[in-house]
Amino acid sequence: MSALAGRTIVLGVSGGIAAYKAVDVLRRLIDAGAYVVPVMTASAGRFIGATTLSALASEPVMTSMWEGPDPIPHTRLGRRADVIVVAPATARLIGAYANGLATDLLTNTLIATTAPVVLAPAMHTEMWEHPAVVHNIATLMSRGVELVGPGSGRLAGGDSGVGRMAEPADIVARVIDVTTCRSDSPAPSVKRLDGLSVLVTAGGTREPIDPVRVLANRSSGKQGHAIAAEAHARGAAVTLITTVEPDVPSGVAVERVETAEQMADAVFKAASSVDVVVMAAAVADFRPKVAASDKLKKRDGVPEIVLEPTVDILAGVAAARRPGQTIVGFAAETEDVVVNATAKLRHKGLDVIVANDVSAPLVGFGHDTNAVTIIRKDHPASSVARAEKRVIAAHVLDAVVAARQDAPG
Ligand code: CTP
């Protein structure tokens, strides 16, 4: 395999017990054809020897700003890197990076680079779940930093739980993914959906104020339609309930709706018989209590429009779920994306939530590209860098497949 031929990868190693696995990551990067420059922190040196990394890498390991002939090694490293991967990334490293604290060669390099960065966190569960770490991770993800893991399993000192560093093969796969995704190459490997029925909703609902005016939102329906098309391509029987003109393959069964109420009726009717429900639609949370039957005229003054809540379709579907059904929701956020989306996943009882920071450029509503954070129940968040909506759809459906493996029906 030479998926990384011609690529320079800076491999950062910070000080945790998983540092010994960095050797395996390094070997795999070399096997994939990469030119690997290792950088280790002082505390990493307490877990593994510099000689081990130097012997396997493309050039000797760098450990300090102050050794070697180069007076500014961090900017040079940051510029040379096609990708920087830090494995393991400790709570300290994550905290320093999130807060712009350049305390050693590795953090200086991370802050000096414009290359994509992949972090493989590793720490005890209590540390991973500490609000400061949660906040730092959310900050880094909102800046486009990629995360791989952590997984669940044996930790240092005989403990076990979430916080175990991702497997070296998965870390290297993510580095390859990031390298290729950011240069517009192929979608992730296809996981088929043959034999499954999938219901997808798309578009923004329009709530009538009078016969000519509506309360609407900015959703274009493109992401939902991309999911429907991708699910169809993977062999699923797909039903699409949408508010916009369908531009999906002819094999997809389409139902057009306009209002939240019509969408609720259509979804509740269809949901009970499908294996997967993906609520990508932007459903109005409120609608005018009364829709005027005649056009409101200016001469009658500024109308007072009283709103009432709509039914939460997603929560209703999740509450009535049948065994083995997988429920996916979306969350359009403008701040604290991971924290808010995780709360939504829990209180609506979902298996997967797809969150996007709609305040970021070229992301979400109306655009052809999106960048999302996908959170599976009981799993850490995983970010997908900005890509065509069809590529994002592939990642969403991969998460559906993984969720179904977590909870086989
Ligand atoms: N949704 C739904 N029915 C509604 C509103 C939203 O099914 N009446 C679904 C959307 O399709 C989406 C998810 O719920 O999958 C979004 O959750 P929601 O709580 O509506 O998110 P926000 O509108 O962003 O909520 P908040 O304003 O509280 O952030």
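Residues numbered from 1 in each chain as written. Predicted model: local features only at pLDDT ≥ 70, side-chain atom pairs only at ≥ 80, totals over all residues. Heavy atoms only, no water.

Asker: Hey, could you run me through the sheet that holds strand β4 (residues 117-121) in this one?
Answerer: Backbone hydrogen bonds hold the strands of a sheet together, and the pairing may be parallel or antiparallel. Taking strand neighbours across the sheet as the criterion, the five strands line up as β2-β1-β3-β4-β5 in an open arrangement whose pairing is parallel. Where the open sheet ends on each side, the last strands, each with one partner, are β2 (35-40) and β5 (146-147). For strand β1 (residues 8-13) and strand β3 (residues 83-89), the ladder comprises four bridges, and the chain directions are parallel. Bridging from a neighbouring strand, Ile-9 pairs with Val-83 of β3. Most of the contacts of helix α4 (residues 91-98) go to β4, to which it runs at about 145°, and overall it touches β3 and β4. Each of β1, β2, β3 and β4 touches helix α5 (residues 105-112); the most contacted strand, β3, lies at about 140° to it. (Pairing = 2+ DSSP bridges. Helix = DSSP H or I, 4+ residues; strand = E, 2+ residues; numbered from the N terminus. Contact = heavy atoms within 4.5 Å. Axes fitted to C-alpha atoms, helices over the stretch in contact; angles between N-to-C directions.)

Asker: When you look at helix α9 (residues 222-233) in this model, what are you seeing that I'm missing?
Answerer: An α-helical turn contains 3.6 residues, so a residue and the one three or four places further along point in the same direction. In this model α9 runs 16 Å from its N-terminal to its C-terminal C-alpha over 12 residues, within 8% of the 16 Å that 1.5 Å per residue would give. For α9, the buried fraction is high: nine of the 12 residues fall into the buried class. Within the span of α9, buried status applies to Gln-223, Gly-224, His-225, Ala-226, Ile-227, Ala-228, Ala-229, Glu-230 and Ala-231. Its buried side turned inward, α9 meets β8 (197-202), β11 (237-242), β13 (276-279), β16 (326-333), β18 (369-376) and α13 (389-406). The positive-phi residue at the C-terminal boundary of α9 is Gly-235, with phi of around 100°. (Expected span 1.5 Å × (residues − 1). Buried < 20%, exposed > 50% of the residue type's maximum accessible area, 1.4 Å probe, protein only.)

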